[in-house]
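# Observations on the three-dimensional arrangement
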Amino acid sequence: MPAYRAALLYFSSDDRLVYESDGLLVTEADHRGVQRVKSIGPWSAVGSAHLEVEHSPGRIIAPGFVDLHIHYPQVDVIASPAEGLLPWLEKYTFVEESRFGDPTHAQEAADFFLDELQRQGVTTALAFCSSHSVSVDALMGQAQSRGLRLVAGKCLMDRHAPEGVRDETERGLLETEALIGRWHGRDRLGYAITPRFVPTSSDAQLAGAGELARLHPDVWVQSHAAENLDEIAWVRQLHPQSRSYLAVYERFGLLRPRSVYAHCIHFDDLDRALMRDLGAAAAVCPSSNLFLGSGFFDHAAADRAGFAYGLASDVGGGTSFSPFHTMLAAYYVARDARGKAGLSLTPGQLWFQHTAGAARAMGLEGVVGNLLPGCEADFVVLNPRATPLLERRTQGADSVDEWLFAMIVLGDDRLVERTVIAGRTAA
Ligand code: GUN
Ligand code: ZN
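Because the structure is predicted, anything quoted here is derived from the model rather than measured.

### Some words on the overall build of the chain
Counting its secondary structure elements, the chain contains 16 helices and 16 strands. Taking 22 Å as the expected radius of gyration for a compact globule of 427 residues, we find that the chain reaches 21 Å, a close match to that expectation. Taking the principal axes of the C-alpha coordinates as reference, the chain spans close to 65 × 50 × 35 Å. Contacts in the chain between residues far apart in sequence, at least 24 positions, make up 73% of those at least 6 positions apart. Accessible surface for the chain amounts to roughly 15900 Å². Of this, 51% is attributable to carbon and sulfur atoms. Of the side chains in the chain, 38 bear a positive and 53 a negative charge, and the two mean positions are spaced by 3 Å.

What follows is the structure, encoded as structure tokens:
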């Protein structure tokens, strides 16, 4: 039974941040051979007799991060400046994604993408592939061989997109069905039905996606909603009868538990109530929203309405794979949305939204994103002295909050000394 002694960071069953300065995490294999947390607590209380304990003094063990929305074919799109979402899609994104019909390119990019996630401490992701089935096979195959918990899907996009990424209505749906059969529930993998966004799917394709979602309630749904004002105006033209952008997804049966919508910026309270009532969740992508000038997610309004959400990189609209960069961007954005009150999110809230909160938004609470007993043993080992400035600032911290803030503000991949996937060191 592998056991790890270090400082521990995790969340109690009522979502409070727990910090244990000298703790012990004990794991054991379940009947399928996946390592899970058996116990966690203070070193002195848990007891270590008969355990093989790995001691990491000065290090912190924390849950692996959950990235609630990321595009694997957009690794080479990061840092492409544009006037806004729609020109960015046309000028860079669709062009790059058209390369993913080539299995060799898709394999190479999938390998790089998963290496990068792991290097940055991300152990679960909800990912868009391109519209080509081979791009899904490449990513899923590699994730499976690494033992990763990953949910991904092929983009459905049968209109308003160029040749090379556009699929055909019926064929896209048939491919989706075949991919569900091939990958969903295999080892730690899951499939997500993935209509790209309202403008690029015909009514027939959205209806077909909704029908698949009804037939497969444990499969995920992922898409984009209410990100950009020009996009919203376009949706209004295409669906003049719809009360809002989000209501289009509702009409086609695409709002339900295990559906995750990226951005959700330009919502009103009726949209927020719809998210809550139908059990849908938002993937909040602050670095992307700042980079593309899309707007600011309203954390306070989301909390008042009570729908689930979590943090996401949205690479390549987002500017970094690093959960620390994303948490810092969320801090900036939440401060702006709260206006003159001046306060933003606490470090505990930011960390929660990128781990246990994001896992809950995906319907994976108690599975990943935390280190309570029963959770799969996906975790990171952090070194708060990884850089001279981090060392200086974390040593000078007067409280756990100050110390966590120092890591959020100054941290990046250098902070992540090790990433452990189901008990095995990955990076
Ligand atoms: N809306 C539709 N496609 C995309 C995409 O690839 N990135 C972002 N940020 N928004 C989108
Ligand atoms: Zn996106």
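### Quick word on the pairing of strand β1 (residues 2–11)
Looking down a regular strand, the side chains alternate between one sheet face and the other. Of all 10 residues in β1, 9 are buried, a share of seventy percent or more. Two strands pair when backbone bridges link them, and β1 and strand β4 (residues 52–63) are joined in this way by 6 bridges, in the parallel orientation. If you follow R5 over to β4, its bridge partner there is H55. In the sheet, β1 pairs with strand β2 (residues 17–29) via 8 bridges, with the strands oriented antiparallel. Within β2, the residue paired with R5 across the bridge is L24. Hairpin geometry of β1 and β2 is characterised by an intervening segment of 5 residues between the two adjacent antiparallel strands and by a positive phi of about 70 degrees at D15.

### Section: the site of ligand 1
As a matter of local geometry, ligand 1 sits amid H71, Q74, L85, W88, L89, R196, F197, H224, E227, H263 and D314. Taking R196, its side chain carries an N or O atom lying 2.7 Å from an oxygen atom of ligand 1. At a separation of 2.9 Å, a nitrogen atom of ligand 1 approaches a polar side-chain atom of D314. Here ligand 1 has 280 Å² of accessible area as a free molecule, and 100% of this is covered by the chains.

### Things to note about the packing of aromatic side chains
One pass over the full model with this rule turns up 16 aromatic pairs. With 6.4 Å between their ring centres and 85 degrees between their planes, F197 and W234 make a pair best called edge-to-face. Within this pair, whereas F197 is found in the loop between β9 (189–195) and α6 (203–215), its partner W234 is found in helix α7 (residues 229–238), the two being separated by 37 residues in sequence. Feature note: the residues Y72, F100, F113 and F321 constitute an aromatic cluster, connected by ring pairs. The ring of W43 has R5 lying over it, and the distance from NZ or CZ to the ring centre is 3.9 Å. Positioned over the ring face of W220 is R258, at 3.9 Å from the centre of the ring.

### Examining the side chain of H132
Turning to its location among the elements, H132 is positioned in the loop between β6 (122–128) and α4 (133–146). In terms of polar contacts, H132 uses its side chain to reach the side chain of S130, at 2.7 Å. H132 has contacts with E97, S98, F100, G101, K154 and G164, leaving out every residue within four places of it along the chain.

### With respect to the nonpolar core
Within the largest apolar cluster, 105 residues are counted, with the highest numbers of intra-cluster contacts made by Y72, L139, Y249 and W351. Once residues within four sequence positions are removed from consideration, W351 is found in contact with L9, F11, A62, F65, F324, M327, L382, L404, M407 and I408. With 18 residues, the next largest nonpolar core counts V66, A283, A358 and L364 among its residues.

### Brief notes about the coordination of the zinc ion (ligand 2)
Protein ligation of the zinc ion (ligand 2) involves H69 (NE2), H71 (NE2), H224 (NE2) and D314 (OD), the donor distances falling in the range 2.0 to 2.4 Å. Here the zinc ion (ligand 2) is ringed by 4 donor atoms whose angles at the metal span 91 to 165 degrees, and the overall shape comes out irregular. Read in sequence order, the donor residues for the zinc ion (ligand 2) give the motif H-x1-H-x152-H-x89-D. In this pair, H71 is assigned in strand β5 (residues 65–71) and D314 in the loop between β13 (308–311) and α12 (323–337), connecting sequence segments 243 residues apart.

### Quick look at the pattern of salt bridges
Going through the model one piece at a time under the given rule, you end up with 29 salt bridges. The residue R99 makes a salt bridge to E96 at a minimum N-O spacing of 3.2 Å. Judged by its relative accessible area of 41%, R99 falls in the partly exposed class. By relative accessible area, E96 is classed as buried at 10%.

### Brief notes about the sheet that holds β2
Paired through backbone hydrogen bonds, the strands of a sheet run either parallel or antiparallel to each other. Read from one edge to the other, the open sheet built from 7 strands follows the order β3-β2-β1-β4-β14-β15-β16, with strand pairing classed as mixed. Of all strands in the sheet, those bounded by a partner on one side alone are β3 (35–42) and β16 (424–425). Sheet topology note: the strand β14 (residues 379–382)/strand β15 (residues 416–421) ladder contains 4 bridges and is antiparallel. When the bridges of β15 are listed, F379 appears paired with V420. On top of the sheet, helix α16 (residues 400–410) reaches β1, β2 and β4; it is set at about 70 degrees to β2, its chief contact.

### Description of the environment of N228
With respect to the helices and strands, N228 occurs in the loop between β10 (220–225) and α7. When its relative accessible area of 8% is taken as the criterion, N228 is described as buried. Discounting chain neighbours no more than four positions away, the residues touching N228 are L85 and H266. Within the structure, the side chain of N228 is placed 2.8 Å from the backbone nitrogen of D230, a separation counted as a polar contact.

### Some points on helix α3 (residues 103–119)
End to end, α3 covers 24 Å across 17 residues, agreeing with the expected 24 Å (1.5 Å per residue, within 8%). Turning to α3, its buried residues number three or more, namely H105, A106, A109, A110, F113, L114, E116, L117 and Q118. For α3, the secondary structure elements touched by its buried residues are β5, α2 (85–97), β6, α4, β7 (149–153) and β15. The N-terminus of α3 is capped by D102, whose side-chain oxygen sits 3.0 Å from the backbone nitrogen of T104.

So, how was this worked out
- Residues numbered from 1 in each chain as written.
- Chains lettered and ligands numbered in written order.
- Predicted model: local features only at pLDDT ≥ 70, side-chain atom pairs only at ≥ 80, totals over all residues.
- Heavy atoms only, no water.
- Helix = DSSP H or I, 4+ residues; strand = E, 2+ residues; numbered from the N terminus.
- Rg over C-alpha atoms; globule rule 2.2 N^0.38 Å.
- Contact = heavy atoms within 4.5 Å.
- Areas by Shrake-Rupley, 256 points an atom, 1.4 Å probe, with all protein chains shown as cover.
- Lys, Arg positive; Asp, Glu negative; His and termini not counted.
- Charge placed at Lys NZ, Arg CZ, Asp CG, Glu CD.
- Buried < 20%, exposed > 50% of the residue type's maximum accessible area, 1.4 Å probe, protein only.
- Pairing = 2+ DSSP bridges.
- Near = heavy atom within 4 Å.
- Polar contact = N/O pair within 3.5 Å; in protein donor to acceptor, adjacent residues only side chain to side chain.
- Phe/Tyr/Trp six-rings, centres within 6.5 Å; stacked < 30°, edge-to-face > 60°.
- Lys NZ or Arg CZ within 6 Å of the ring centre and 35° of its normal.
- Core = buried A, V, L, I, M, F, W, Y, C linked by side-chain atoms within 4.5 Å.
- Donors = N, O, S within 2.8 Å, 3.2 Å for Na, K, Ca; no water.
- Tetrahedral: all angles 85-135°; square planar, octahedral: opposite > 155°, others 65-115°.
- Salt bridge = Lys/Arg side-chain N within 4 Å of Asp/Glu carboxyl O.
- Axes fitted to C-alpha atoms, helices over the stretch in contact; angles between N-to-C directions.
- Expected span 1.5 Å × (residues − 1).

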